Amino acid sequence: MRKITLLSVLLFIVGFVFGQTVYQSNLSSWSGGWPTDWNGSKTNIALSNVTEVTNGATYGTSMASLKNTTTSHKRFTTQPVAVVAGKTYDVEMWVKADTGNIRTAYVVHNSTTYSSYNAYDSLHLSSAGNLVKITQQLTIAAGVDTVEFIVSIINTNNTDGIFIDSVAITEQVCDAPSALTATNITATTADLGWTENGTATNWQIEWDTTGFVQGTGNMVTTTNNPYNVTGLTPFTSYEFYVRSICGTNDTSTWSGPYTFSYNYCMPVYSSGCSFGARVNNVITTSAVTNINNTATECANGGGYTDYSSTDTLEVAQGATISVNVGVSNYGGGVKVWIDYNQDAIFDVTEIVTQSTSTISAGNSHIANVTVPVSALL
């Protein structure tokens, strides 16, 4: 029982994907009046406006109180943090204040290159003196691998300022699509769709015949969901994979494969095998390879049986063959189609013979059929 329980827990855990936390601070370690994992090189808030608060902390044993009563912002920066260019990071801060505004940015380590600042969040409106989580996003520019993250504040009161209890900085995960579909399938096209589980608006699709090795298929990048794929062949099984593109060098894992194909429709025999007329045999002569099927279309009980895997009719272009269709159980009419253009559609123009009246049970419809010279081989 323990082994089964453990396996269930492991499967449950593996089902979730979390981003990598690159920085975590509960502001509980202090030295020289500063939190030890803060006071980066671009900090410009005065030490006199930074206070360790040891009462009321929820995360760890201390909080930091930051004061800046002016409208000119002051920076409170982390120690250097390793990051990945092109990735987006969530900066989550648990903070509270009676009044004040807070925002985030980053500065490239050992430089004066700053990112754009996020808009200010008003703590007077959002926290009203209670801890709240504020999350802002920062995307790292190309060529950057180390930054100091910045907390910028303005308009605090002069008594308590803004309390910061915890800060976590996490690399965003690009969510993989799910619920793949193939709809509006025709002989040569299909709409490939999926559910986007994040915010991506660009996707990469790879498709080919069933069983292809990923990396060798047809690869396309699109902003369309569903995506209309063309150039398909009837009676061929295809599959596709899709992944989300969340940014430069930032893609999800692949989802798939999803398999689809275009084949002949499955007719519905409303009278059923108990009460309706039956095709009791199909026999051809004068072909290169003839059909001699004396079984019934009710072999599966549904009034329709597919014998394509066991019976093959091979004919020459321009040749004339004889077709014999037997009728049993009740009288009925007979129509015969041959899909000359092999598009998986029995067109009206592909009716090669039909009875002009009801064929009584126990009799056959017999006709000669000439194969067009334009028929596909």
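Relevant structure appears above.
What counts, and where the lines are drawn
Residues numbered from 1 in each chain as written. Predicted model: local features only at pLDDT ≥ 70, side-chain atom pairs only at ≥ 80, totals over all residues. Heavy atoms only, no water. Helix = DSSP H or I, 4+ residues; strand = E, 2+ residues; numbered from the N terminus. Rg over C-alpha atoms; globule rule 2.2 N^0.38 Å. Buried < 20%, exposed > 50% of the residue type's maximum accessible area, 1.4 Å probe, protein only. Disulfide = S-S within 2.5 Å. Phe/Tyr/Trp six-rings, centres within 6.5 Å; stacked < 30°, edge-to-face > 60°. Lys NZ or Arg CZ within 6 Å of the ring centre and 35° of its normal. Core = buried A, V, L, I, M, F, W, Y, C linked by side-chain atoms within 4.5 Å. Salt bridge = Lys/Arg side-chain N within 4 Å of Asp/Glu carboxyl O. Pairing = 2+ DSSP bridges. Axes fitted to C-alpha atoms, helices over the stretch in contact; angles between N-to-C directions. Patch = residues over 30% accessible without salt bridge, like charges linked within 9 Å, V, L, I, M, F, W, Y side chains within 5 Å. Areas by Shrake-Rupley, 256 points an atom, 1.4 Å probe, with all protein chains shown as cover.

A. Representation of the overall build of the chain in the model. Of regular secondary structure, the chain possesses 3 helices and 27 strands. Rg of the C-alpha trace for the chain: 36 Å, well past the compact-globule value of 21 Å for 377 residues, more than 25% over. C-alpha extents for the chain along the principal axes are approximately 105 × 45 × 40 Å. Taken across its 377 residues, the chain has 39% of its residues classed as buried.

B. How the structure looks around the state of the cysteines. On inspection of all chains with the given rule, the structure shows 1 disulfide. Disulfide pairing places C174 opposite C246 at an S-S distance of 1.9 Å. Judged by the sign of its S-S torsion, about 80 degrees, the bond between C174 and C246 is right-handed. Remark: C246 occurs in strand β19 (residues 237-247) and C174 occurs in the loop between β13 (162-171) and β14 (178-183); sequence separation between them is 72 residues. Residue C174 is classed as buried on the basis of its relative accessible area of 9%. Owing to a relative accessible area of 37%, C246 belongs among the partly exposed residues under this scheme.

C. Spotlight on the packing of aromatic side chains. By the definition in use, this model includes 13 aromatic pairs. Judged by centre distance (5.9 Å) and plane angle (25 degrees), the rings of Y238 and F260 are stacked. You can see Y238 sitting in strand β19 and its partner F260 sitting in strand β21 (residues 255-261), a full 22 residues away along the chain. Judged on exposure class, the residue Y238 and its partner F260 are both buried. Site record: aromatic cluster; members linked through ring pairs are W207, Y238, F240, Y258 and F260. Over the ring of Y117 we find R103; its NZ or CZ atom is 4.0 Å from the centre of that ring.

D. Structural context of the nonpolar core. Counting residues in hydrophobic clusters, the biggest one holds 34 residues, and the most contacted among them are V95, I102 and F149. Those elements that provide at least two residues to this core are β5 (63-66), β8 (88-96), β9 (101-108), β11 (132-139), β12 (146-154) and β13. Residues W203, Y227, V229 and F240 belong to the second largest nonpolar core, which totals 16 residues.

E. Seen up close, the pattern of salt bridges. Under the definition given, this model contains 2 salt bridges. Note that K87 and E171 form a salt bridge whose closest N and O atoms lie 3.7 Å from each other. Here K87 is found in the loop between β7 (81-82) and β8, whereas its partner E171 is found in strand β13, with 84 residues between them in sequence. Accessibility expressed as a relative area gives 14% for E171, which makes it buried. Each member of the salt-bridge network shares a partner with another, and the members are K87, E171 and D250.

F. Layout of the sheet that holds strand β18 (residues 227-229). Pairing within the open sheet is antiparallel, and its 3 strands lie in the order β14-β15-β18. Each of the sheet's edge strands pairs with one partner strand only, and the pair in question is β14 and β18. Going across the sheet, the axis of each strand differs from the next one's by a mean of 25 degrees, ignoring polarity. With 4 bridges joining them, β14 and strand β15 (residues 190-195) adopt antiparallel strand pairing. Bridge assignment links S178 to a residue of β15, and that residue is T195.

G. Geometry of the pairing of strand β16 (residues 202-209). With 6 of its 8 residues buried, β16 lies for the most part within the structure. Summarising the sheet, β16 and β19 pair through 8 bridges and their orientation is antiparallel. Of the residues in β19, the one forming a bridge with T209 is Y238. Here β16 pairs with strand β17 (residues 218-222) via 5 bridges, running antiparallel. Counted as the bridge partner of E206 is M219 from β17.

H. Representation of the sheet that holds strand β23 (residues 292-293). One open sheet holds the 4 strands; their spatial order is β23-β22-β24-β27, and the pairing between them is antiparallel. A strand with exactly one partner marks an edge of an open sheet, and here the two such strands are β23 and β27 (364-370). In terms of strand pairing, strand β22 (residues 278-285) meets strand β24 (residues 320-328) through 7 bridges, oriented antiparallel. Paired with T284 across the strands is V323, a residue of β24.

I. Up close: a nonpolar patch on the surface. On the surface, a cluster of nonpolar side chains totalling about 380 Å² of accessible area is made up of F235, Y264, W337 and F346. If you trace the backbone, Y264 turns up in the loop between β21 and α3 (272-275).

J. Summary view of the pairing of β15. In terms of residue burial, β15 counts as a mostly covered element, since 5 of its 6 residues are buried. Joining the antiparallel neighbours β14 and β15 is a turn of 6 residues, in which N184 adopts a positive phi near 50 degrees.

Taken by themselves, the reported measurements are silent on function.
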